[in-house]
Amino acid sequence: MEQSGMTPEREKLQLKKWILLIGMLLSLALLITAILFLVKIKGWQGGRSRTELLAVVSSERGVPEDLGQRLSFIDDEHMLDERCAAELESLLAACRAAGHDCRVTAAYRSESEQRELFNACVEELIAEGKDEKSARELTLREIDPPGCSEHQLGLAADLYAETGTEETRTWLAGHAWEYGFILRYPAGKEGVTGHPFVPDHFRYVGRDAAKQIHELNITLEEYVSMFYSG
Ligand SMILES: [Zn+2]
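From a predicted model like this one, the values you see are computed outputs, not experimental measurements.

### Thoughts on the domain arrangement of the protein chain
Okay, step 1: Structurally, the protein chain comprises domain 1 (1–32), domain 2 (71–109 + 151–230) and domain 3 (110–148).
Okay, step 2: A separation of 75 Å is found between the C-alpha centroids of domain 1 and domain 3.

See the structure below:
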(Lines give C-alpha, C1' and ligand atoms only; values in the text may rest on other atoms or scores of the structure.)
Protein backbone atom coordinates (compact mmCIF):
# COMPACT_ATOMS: atom_id res chain seq x y z
CA MET A 1 0.00 0.00 0.00
CA GLU A 2 2.77 2.36 0.94
CA GLN A 3 4.69 1.67 -2.27
CA SER A 4 1.70 2.02 -4.58
CA GLY A 5 0.93 5.31 -2.77
CA MET A 6 4.45 6.63 -3.45
CA THR A 7 4.57 5.75 -7.16
CA PRO A 8 2.14 8.39 -8.45
CA GLU A 9 3.98 10.95 -6.31
CA ARG A 10 7.28 9.96 -7.84
CA GLU A 11 5.72 10.00 -11.30
CA LYS A 12 4.48 13.51 -10.65
CA LEU A 13 7.92 14.51 -9.47
CA GLN A 14 9.51 12.97 -12.55
CA LEU A 15 7.01 14.73 -14.78
CA LYS A 16 7.74 18.03 -13.07
CA LYS A 17 11.46 17.47 -13.60
CA TRP A 18 10.91 16.77 -17.28
CA ILE A 19 8.70 19.80 -17.71
CA LEU A 20 11.31 21.92 -15.97
CA LEU A 21 14.08 20.48 -18.14
CA ILE A 22 12.14 21.01 -21.37
CA GLY A 23 11.27 24.52 -20.23
CA MET A 24 14.91 25.27 -19.55
CA LEU A 25 15.98 23.87 -22.93
CA LEU A 26 13.34 25.92 -24.72
CA SER A 27 14.44 29.06 -22.88
CA LEU A 28 18.05 28.33 -23.77
CA ALA A 29 17.14 27.81 -27.45
CA LEU A 30 15.19 31.06 -27.39
CA LEU A 31 18.13 32.88 -25.81
CA ILE A 32 20.58 31.50 -28.40
CA THR A 33 18.21 32.48 -31.24
CA ALA A 34 17.92 35.99 -29.80
CA ILE A 35 21.71 36.32 -29.52
CA LEU A 36 22.23 35.06 -33.10
CA PHE A 37 19.56 37.47 -34.32
CA LEU A 38 21.26 40.39 -32.56
CA VAL A 39 24.65 39.37 -33.93
CA LYS A 40 23.19 39.31 -37.45
CA ILE A 41 21.42 42.63 -37.05
CA LYS A 42 24.41 44.37 -35.55
CA GLY A 43 26.52 43.20 -38.42
CA TRP A 44 29.06 41.49 -36.22
CA GLN A 45 28.92 38.30 -38.24
CA GLY A 46 30.35 39.85 -41.38
CA GLY A 47 32.86 41.98 -39.51
CA ARG A 48 34.37 44.91 -41.37
CA SER A 49 33.06 44.08 -44.82
CA ARG A 50 29.44 44.00 -43.75
CA THR A 51 29.46 47.44 -42.17
CA GLU A 52 31.64 48.95 -44.90
CA LEU A 53 29.31 47.81 -47.65
CA LEU A 54 26.53 49.69 -45.87
CA ALA A 55 28.57 52.78 -44.98
CA VAL A 56 26.49 55.91 -45.30
CA VAL A 57 28.53 58.81 -46.60
CA SER A 58 27.18 62.33 -46.40
CA SER A 59 28.53 65.86 -46.20
CA GLU A 60 28.20 65.62 -42.39
CA ARG A 61 29.56 62.13 -41.90
CA GLY A 62 32.27 61.93 -44.53
CA VAL A 63 34.04 58.82 -45.77
CA PRO A 64 35.10 56.46 -42.96
CA GLU A 65 38.83 56.43 -42.34
CA ASP A 66 41.22 53.53 -43.02
CA LEU A 67 38.99 51.77 -45.53
CA GLY A 68 41.82 49.63 -46.81
CA GLN A 69 39.87 48.72 -49.93
CA ARG A 70 41.41 46.52 -52.51
CA LEU A 71 40.71 48.03 -55.89
CA SER A 72 40.28 46.20 -59.12
CA PHE A 73 40.15 47.54 -62.69
CA ILE A 74 36.76 47.22 -64.39
CA ASP A 75 37.96 48.73 -67.69
CA ASP A 76 40.98 50.66 -68.93
CA GLU A 77 40.45 53.66 -66.69
CA HIS A 78 38.02 52.81 -63.90
CA MET A 79 38.54 50.92 -60.67
CA LEU A 80 36.14 49.59 -58.06
CA ASP A 81 36.44 47.72 -54.78
CA GLU A 82 37.11 44.11 -55.69
CA ARG A 83 34.01 43.04 -53.74
CA CYS A 84 31.79 44.63 -56.37
CA ALA A 85 33.90 44.84 -59.55
CA ALA A 86 32.67 41.53 -60.95
CA GLU A 87 29.09 42.35 -59.95
CA LEU A 88 29.24 45.60 -61.90
CA GLU A 89 30.61 43.79 -64.92
CA SER A 90 27.71 41.32 -64.73
CA LEU A 91 25.22 44.19 -64.40
CA LEU A 92 26.70 45.95 -67.44
CA ALA A 93 26.71 42.73 -69.46
CA ALA A 94 23.03 42.12 -68.63
CA CYS A 95 22.18 45.75 -69.44
CA ARG A 96 23.89 45.51 -72.82
CA ALA A 97 22.28 42.13 -73.50
CA ALA A 98 18.92 43.82 -72.92
CA GLY A 99 19.81 46.19 -75.76
CA HIS A 100 21.14 49.20 -73.89
CA ASP A 101 24.26 51.16 -74.58
CA CYS A 102 25.59 51.60 -71.08
CA ARG A 103 29.02 52.61 -69.90
CA VAL A 104 30.85 53.62 -66.75
CA THR A 105 31.60 57.34 -66.58
CA ALA A 106 32.96 57.36 -63.02
CA ALA A 107 33.97 54.80 -60.42
CA TYR A 108 36.58 54.97 -57.64
CA ARG A 109 38.11 58.36 -56.89
CA SER A 110 40.77 59.15 -54.32
CA GLU A 111 40.16 62.12 -52.03
CA SER A 112 42.63 64.23 -54.03
CA GLU A 113 40.89 63.34 -57.30
CA GLN A 114 37.58 64.32 -55.73
CA ARG A 115 39.15 67.62 -54.58
CA GLU A 116 40.51 68.31 -58.07
CA LEU A 117 37.11 67.65 -59.64
CA PHE A 118 35.34 69.85 -57.09
CA ASN A 119 37.83 72.72 -57.34
CA ALA A 120 37.85 72.58 -61.15
CA CYS A 121 34.09 73.06 -61.15
CA VAL A 122 34.29 75.97 -58.68
CA GLU A 123 37.02 77.63 -60.76
CA GLU A 124 35.05 77.17 -63.96
CA LEU A 125 32.05 78.92 -62.43
CA ILE A 126 34.24 81.74 -61.09
CA ALA A 127 35.69 82.13 -64.60
CA GLU A 128 32.11 82.45 -65.84
CA GLY A 129 31.66 85.41 -63.52
CA LYS A 130 30.22 83.83 -60.33
CA ASP A 131 31.56 84.94 -56.96
CA GLU A 132 33.32 82.24 -54.92
CA LYS A 133 30.45 81.64 -52.48
CA SER A 134 27.84 81.04 -55.15
CA ALA A 135 30.33 79.07 -57.26
CA ARG A 136 30.82 76.70 -54.32
CA GLU A 137 27.08 76.45 -53.68
CA LEU A 138 26.37 75.65 -57.32
CA THR A 139 29.18 73.08 -57.38
CA LEU A 140 27.78 71.38 -54.27
CA ARG A 141 24.56 70.68 -56.17
CA GLU A 142 26.52 68.65 -58.72
CA ILE A 143 29.62 67.32 -57.00
CA ASP A 144 30.17 66.08 -53.47
CA PRO A 145 32.96 67.87 -51.62
CA PRO A 146 36.27 66.01 -51.11
CA GLY A 147 36.07 63.54 -48.23
CA CYS A 148 32.31 63.17 -48.69
CA SER A 149 31.90 61.25 -51.93
CA GLU A 150 30.75 57.65 -52.19
CA HIS A 151 33.15 57.32 -55.10
CA GLN A 152 35.94 57.37 -52.52
CA LEU A 153 34.55 54.13 -51.09
CA GLY A 154 35.14 52.36 -54.37
CA LEU A 155 31.57 51.08 -54.09
CA ALA A 156 29.86 53.54 -56.44
CA ALA A 157 29.75 53.90 -60.20
CA ASP A 158 28.08 56.37 -62.53
CA LEU A 159 26.39 54.50 -65.36
CA TYR A 160 25.45 56.42 -68.43
CA ALA A 161 23.89 55.72 -71.80
CA GLU A 162 24.42 58.12 -74.68
CA THR A 163 21.46 56.78 -76.62
CA GLY A 164 18.17 55.71 -75.10
CA THR A 165 19.09 57.37 -71.83
CA GLU A 166 15.65 57.13 -70.25
CA GLU A 167 15.10 53.49 -71.26
CA THR A 168 18.50 52.55 -69.89
CA ARG A 169 17.83 54.36 -66.61
CA THR A 170 14.52 52.55 -66.28
CA TRP A 171 16.19 49.20 -66.96
CA LEU A 172 18.98 49.89 -64.45
CA ALA A 173 16.56 51.09 -61.77
CA GLY A 174 14.63 47.83 -62.21
CA HIS A 175 17.59 45.44 -62.35
CA ALA A 176 20.62 46.88 -60.54
CA TRP A 177 19.51 45.29 -57.25
CA GLU A 178 19.90 41.82 -58.78
CA TYR A 179 23.65 42.51 -58.78
CA GLY A 180 23.78 44.22 -55.38
CA PHE A 181 23.53 47.82 -56.61
CA ILE A 182 20.95 50.50 -55.80
CA LEU A 183 20.07 53.83 -57.34
CA ARG A 184 21.54 55.72 -54.42
CA TYR A 185 19.96 59.18 -54.73
CA PRO A 186 16.47 58.68 -56.17
CA ALA A 187 14.03 61.42 -57.10
CA GLY A 188 11.56 62.24 -54.34
CA LYS A 189 13.90 61.03 -51.58
CA GLU A 190 16.04 64.17 -51.37
CA GLY A 191 14.69 64.88 -47.90
CA VAL A 192 15.89 61.47 -46.68
CA THR A 193 19.26 61.25 -48.44
CA GLY A 194 20.02 64.97 -48.07
CA HIS A 195 21.30 64.73 -51.63
CA PRO A 196 19.92 65.97 -54.93
CA PHE A 197 18.50 63.34 -57.32
CA VAL A 198 21.30 61.72 -59.35
CA PRO A 199 19.93 59.48 -62.10
CA ASP A 200 23.17 57.69 -62.97
CA HIS A 201 24.84 57.11 -59.59
CA PHE A 202 24.68 53.48 -58.45
CA ARG A 203 26.01 52.18 -55.15
CA TYR A 204 26.95 48.63 -54.21
CA VAL A 205 25.47 47.45 -50.90
CA GLY A 206 25.53 43.68 -51.46
CA ARG A 207 22.75 41.53 -52.89
CA ASP A 208 20.73 40.98 -49.70
CA ALA A 209 20.54 44.66 -48.79
CA ALA A 210 19.93 45.72 -52.40
CA LYS A 211 17.02 43.27 -52.71
CA GLN A 212 15.38 44.55 -49.53
CA ILE A 213 15.98 48.19 -50.41
CA HIS A 214 14.42 47.57 -53.83
CA GLU A 215 11.45 45.61 -52.51
CA LEU A 216 10.69 48.09 -49.73
CA ASN A 217 11.36 51.04 -52.05
CA ILE A 218 13.55 52.72 -49.46
CA THR A 219 16.93 54.44 -49.37
CA LEU A 220 20.17 53.23 -47.79
CA GLU A 221 19.60 55.69 -44.92
CA GLU A 222 16.18 54.15 -44.22
CA TYR A 223 17.49 50.60 -44.57
CA VAL A 224 20.35 51.21 -42.13
CA SER A 225 18.09 52.88 -39.57
CA MET A 226 15.49 50.09 -39.91
CA PHE A 227 17.87 47.16 -39.58
CA TYR A 228 21.03 48.47 -37.98
CA SER A 229 19.89 51.09 -35.48
CA GLY A 230 21.81 51.46 -32.25
ZN1 LIG B 1 28.44 59.26 -58.83
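After that view, the rundown keeps rolling.
### Let's talk about the packing of helix α8 (residues 207–216) against helix α9 (residues 220–227)
Okay, step 1: Across the interface, α8 lies against α9 with an axial gap of 10 Å and an inter-helix angle of 105°. Between α8 and α9, the angle falls in the class roughly perpendicular. Note on element contacts: α9 touches α8 through L220, Y223, M226 and F227, opposite A209, Q212, I213 and L216.
Okay, step 2: In the contact of α8 with α9, the residues fall into seven nonpolar, one polar and no charged.

### Quick look at the packing of aromatic side chains
Okay, step 1: Throughout the structure, instances matching the rule amount to three aromatic pairs.
Okay, step 2: When the ring of F181 is compared with that of Y204, the centres are 5.1 Å apart and the planes differ by 65°; the resulting orientation is edge-to-face. Here F181, found in strand β5 (residues 181–183), pairs with Y204, found in strand β6 (residues 201–204); they are 23 residues apart in sequence, far enough to count as distant.
Okay, step 3: The class of F181 is buried, set by a relative accessible area of 1%.
Okay, step 4: Members of the aromatic cluster, joined through ring pairs, are Y223, F227 and Y228.

### What to know about the environment of Y108
Okay, step 1: Within the element layout of this structure, Y108 appears in the loop between β3 (103–106) and α4 (111–127).
Okay, step 2: A relative accessible area of 22% means that Y108 is categorised as partly exposed.
Okay, step 3: Beyond its immediate sequence surroundings of up to four residues, Y108 is in contact with Q69, L71, M79, L80, E113, H151, Q152, G154 and A156.

### Structural notes on the pattern of salt bridges
Any two side chains of opposite charge can pair, so long as their charged atoms come close to each other.
Okay, step 1: A complete count under the given rule lists 13 salt bridges for this structure.
Okay, step 2: In this structure, R207 engages E87 in a salt bridge whose closest nitrogen and oxygen atoms are separated by 2.8 Å. Here E87 lies in helix α3 (residues 82–97) and R207 lies in helix α8, a separation of 120 residues in the sequence.
Okay, step 3: A salt bridge links E150 to R203; its shortest N-O distance comes to 2.6 Å. Of the two residues, E150 is situated in the loop between α5 (132–142) and β4 (156–160) and R203 in strand β6; the sequence distance between them amounts to 53 residues.
Okay, step 4: Three or more residues joined by partner-sharing salt bridges are found here, namely E150, R184, R203 and E221.

### Looking at the layout of surface pockets
Okay, step 1: There is about 400 Å³ of room inside the largest pocket.
Okay, step 2: For the lining of the largest pocket, the element with the highest residue contribution is α5, accounting for three residues.
Okay, step 3: Here the lining of the largest pocket is composed, by residue class, of eight nonpolar, four polar and six charged.
Okay, step 4: Shared between two domains, the lining of the largest pocket holds at least three residues of each, these being domain 2 (71–109 + 151–230) and domain 3 (110–148).

### Observations concerning a negative patch on the surface
Okay, step 1: There is a patch of like negative charges on the surface, built from D75, D76, E77 and E89.
Okay, step 2: By relative accessible area, D76 is classed as exposed at 80%.

Parameters at a glance
- Residues numbered from 1 in each chain as written.
- Predicted model: local features only at pLDDT ≥ 70, side-chain atom pairs only at ≥ 80, totals over all residues.
- Heavy atoms only, no water.
- Domains from an automatic or database assignment.
- Axes fitted to C-alpha atoms, helices over the stretch in contact; angles between N-to-C directions.
- Helix = DSSP H or I, 4+ residues; strand = E, 2+ residues; numbered from the N terminus.
- Parallel < 35°, antiparallel > 145°, perpendicular 65-115°, else oblique.
- Contact = heavy atoms within 4.5 Å.
- Nonpolar A, V, L, I, M, F, W, Y, C, P; charged D, E, K, R; others polar.
- Phe/Tyr/Trp six-rings, centres within 6.5 Å; stacked < 30°, edge-to-face > 60°.
- Buried < 20%, exposed > 50% of the residue type's maximum accessible area, 1.4 Å probe, protein only.
- Salt bridge = Lys/Arg side-chain N within 4 Å of Asp/Glu carboxyl O.
- 1 Å grid on protein atoms, 1.4 Å probe; cavity = no way out; pocket = protein on both sides within 12 Å on 5 of 7 lines; lining within 4 Å.
- Points joined across faces, edges and corners; volume = space filled by probe spheres on them.
- Patch = residues over 30% accessible without salt bridge, like charges linked within 9 Å, V, L, I, M, F, W, Y side chains within 5 Å.
- Areas by Shrake-Rupley, 256 points an atom, 1.4 Å probe, with all protein chains shown as cover.
- Lys, Arg positive; Asp, Glu negative; His and termini not counted.
- Charge placed at Lys NZ, Arg CZ, Asp CG, Glu CD.

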